[in-house]
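Next come the chains, spelled out residue by residue.
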Amino acid sequence: MEGHEKIGVYSTNMLIRKDTINILKYLTISRVLNLFVLYFSFILSRILKKPILFGKPFTVSIEPTTACNLACPECPSGLKQFSRVTGKLDLDVNRLLLRSIGKQLFYINYYFQGEPFLHPDFLELIKNAKKHKIYTSTSTNAHFITKKVAEEIVESGLDRLIISIDGVTQETYESYRVTGKLLKVIEASKALVEAKKRLNSTTPHLIFQFLVVKPNEHEAPKIFDLAKEIGIDEVRLKSAQLYEYVQGNPLMPQQEKYARYKKQKNGTYVLKYKTGNHCWRMWSSCVFTWDAKVVPCCFDKDAQYTLGSAVTENFDSLWNSSKYQEFRSNVLTKRNQIDICKNCSEGSKVWL
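Residues numbered from 1 in each chain as written. Predicted model: local features only at pLDDT ≥ 70, side-chain atom pairs only at ≥ 80, totals over all residues. Heavy atoms only, no water.

A. Focus on the pairing of strand S5 (residues 160–164). Along S5, five of the five residues are buried, which leaves the element largely enclosed by surrounding structure. Sheet topology places strand S4 (residues 135–140) next to S5; four bridges connect them, and they run parallel. Opposite serine 139, over in S5, you have isoleucine 162 as the bridge partner. As for the winding sense of the linkage, the β-α-β connection from S4 through helix H5 (residues 147–156) to S5 is right-handed. With five bridges connecting them, S5 and strand S6 (residues 205–212) associate as parallel partners. From the neighbouring strand, isoleucine 162 faces S6, where its bridge partner is isoleucine 207. (Buried < 20%, exposed > 50% of the residue type's maximum accessible area, 1.4 Å probe, protein only. Helix = DSSP H or I, 4+ residues; strand = E, 2+ residues; numbered from the N terminus. Pairing = 2+ DSSP bridges. Right-handed = clockwise from strand over helix to strand, strands pointing away.)

Right, here's the structure in full:
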């Protein structure tokens, strides 16, 4: 799930190293050079406190659909709280994006909001990206992955598949993944492992992602055993982004190591990480909604800060536009005044 912070990673076997090797094979000279000039311009921008931009996005997220079958309590997609229209990415628009972003693009996460496998042609999106030799990833609740679909996923060339599984018992799982069925997730996971073995493939790299909230934190250690039993390659624990947290929240874990927030002496809560006026994402990446609007990052879930349209505008011009540069400037000078940045730990990371 986008917007949540990784708090722990565990590899269940040696395939995490194979995934690293798989990632490295996508690093062409042009992509490495682009990453270098992007990072150089980011550092220069931080020093001068003004946006200087060289290069184009190294990674992007592309949203297949905003539709979702679940009703998770902190997800605007599941709660149907978007002001933007629900829809699905057109195959021709996907091809346009792949052409316009550029050959320097290294990584696409085909996920933003919604459940990707509700898109009827989702794997065609992946296949189109693979024609451009781009590393591809997605995140799913796994409710639509049958044995047949699992085999098609492996054959598509998808490099990484994150499976959201927030409990090891049905009662715990459905406390957050409302209306979800844990058995479907487990059966889908087993089908994927079996399909990889049957087709003699190391991809997709399979990741169990466990979003730690109060109702499930007691089961967090058990997810590693389940992953190992099934043959999942990696487990990630993630802290939850909570919209209402200052006075506490019923979903806030009791163990602070799992929480994004810490309690103060007066009883209120604050973000655990101190943030600064910078954000590498504003230089290295961007997010495309299903209808090709460009937004700054995954925290802009309702496309509040739309910076342009990749359908009606030239992407190079949009990426370097005064509107985009103004947003980068605000991040460099008054990041904590931007509402979508207030609940994000990206600004706490040291990049110098």
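Picking up where we left off.
B. A look at the pairing of S6. Counting buried positions over the eight residues of S6 gives eight, a clear majority of the element. Alternating residues of S6 divide into His205, Ile207, Gln209 and Leu211 and Leu206, Phe208, Phe210 and Val212, and every residue in both groups is buried. Here S6 runs beside strand S7 (residues 234–239); their pairing, made up of six bridges, is parallel. Bridging from a neighbouring strand, isoleucine 207 pairs with glutamate 234 of S7. For the handedness criterion, the β-α-β arrangement of S6, helix H8 (residues 222–230) and S7 is classed as right-handed.

C. Spatial organisation of the side chain of glutamine 241. As for its position among the elements, glutamine 241 is in the loop between S7 and strand S8 (261–263). Within polar-contact distance, the side chain of glutamine 241 engages the side chain of lysine 301 at 3.1 Å. (Polar contact = N/O pair within 3.5 Å; in protein donor to acceptor, adjacent residues only side chain to side chain.)

D. Local environment of the packing of aromatic side chains. Throughout the structure, instances matching the rule amount to 16 aromatic pairs. When the centroid spacing of 6.5 Å and the interplanar angle of 15° are considered together, the rings of phenylalanine 106 and tyrosine 135 count as stacked. In this pair, phenylalanine 106 is assigned in the loop between helix H3 (91–101) and strand S3 (107–109) and tyrosine 135 in strand S4, connecting sequence segments 29 residues apart. Under the relative-accessibility criterion, tyrosine 135 is labelled buried at 0%. Grouped by ring-pair contacts, the aromatic residues Tyr26, Phe58, Phe106, Tyr107 and Tyr135 constitute a single cluster. The cationic tip of arginine 84 hangs over the ring face of phenylalanine 82; the distance from NZ or CZ to the ring centre is 4.6 Å. (Phe/Tyr/Trp six-rings, centres within 6.5 Å; stacked < 30°, edge-to-face > 60°. Lys NZ or Arg CZ within 6 Å of the ring centre and 35° of its normal.)

E. Seen up close, the pattern of salt bridges. The tally for this structure, following the rule as stated, stands at 12 salt bridges. The partner of lysine 130 in a salt bridge is aspartate 159, and the shortest N-O contact between them spans 2.5 Å. Here the residue lysine 130 occupies a position in helix H4 (residues 122–130), and aspartate 159 occupies one in the loop between H5 and S5, the gap between them amounting to 29 residues. Exposure class is identical for lysine 130 and aspartate 159. Each is buried. Of the charged contacts, one joins arginine 198 and glutamate 151 as a salt bridge, the two residues approaching to 2.9 Å between their closest N and O atoms. Separated by 47 residues along the polypeptide, arginine 198 in helix H7 (residues 182–198) and glutamate 151 in helix H5 bring together distant segments of the chain. Owing to a relative accessible area of 48%, arginine 198 belongs among the partly exposed residues under this scheme. (Salt bridge = Lys/Arg side-chain N within 4 Å of Asp/Glu carboxyl O.)

F. Highlighting the nonpolar core. Grouped together as the largest cluster of nonpolar side chains are 101 residues, with contacts concentrated most on Ile108, Tyr110, Ile145, Phe208 and Phe288. The biggest single contributor to this core is H7, with eight residues. Leaving out residues up to four positions away in the same chain, isoleucine 108 has contacts with Val60, Ile62, Leu98, Ala129, Ile134, Tyr135, Thr136 and Ser137. (Core = buried A, V, L, I, M, F, W, Y, C linked by side-chain atoms within 4.5 Å. Contact = heavy atoms within 4.5 Å.)

G. Summary view of the environment of threonine 268. Mapping threonine 268 onto the fold places it in the loop between S8 and strand S9 (269–271). For threonine 268 and valine 246, which are 22 residues apart along the polypeptide, the C-alpha to C-alpha distance reads 5.3 Å. What threonine 268 contacts, discounting residues up to four positions off in sequence, is Val246, Gln247, Lys262 and Lys263. For threonine 268, the side chain forms a polar contact with the side chain of asparagine 266, separated by 2.7 Å.

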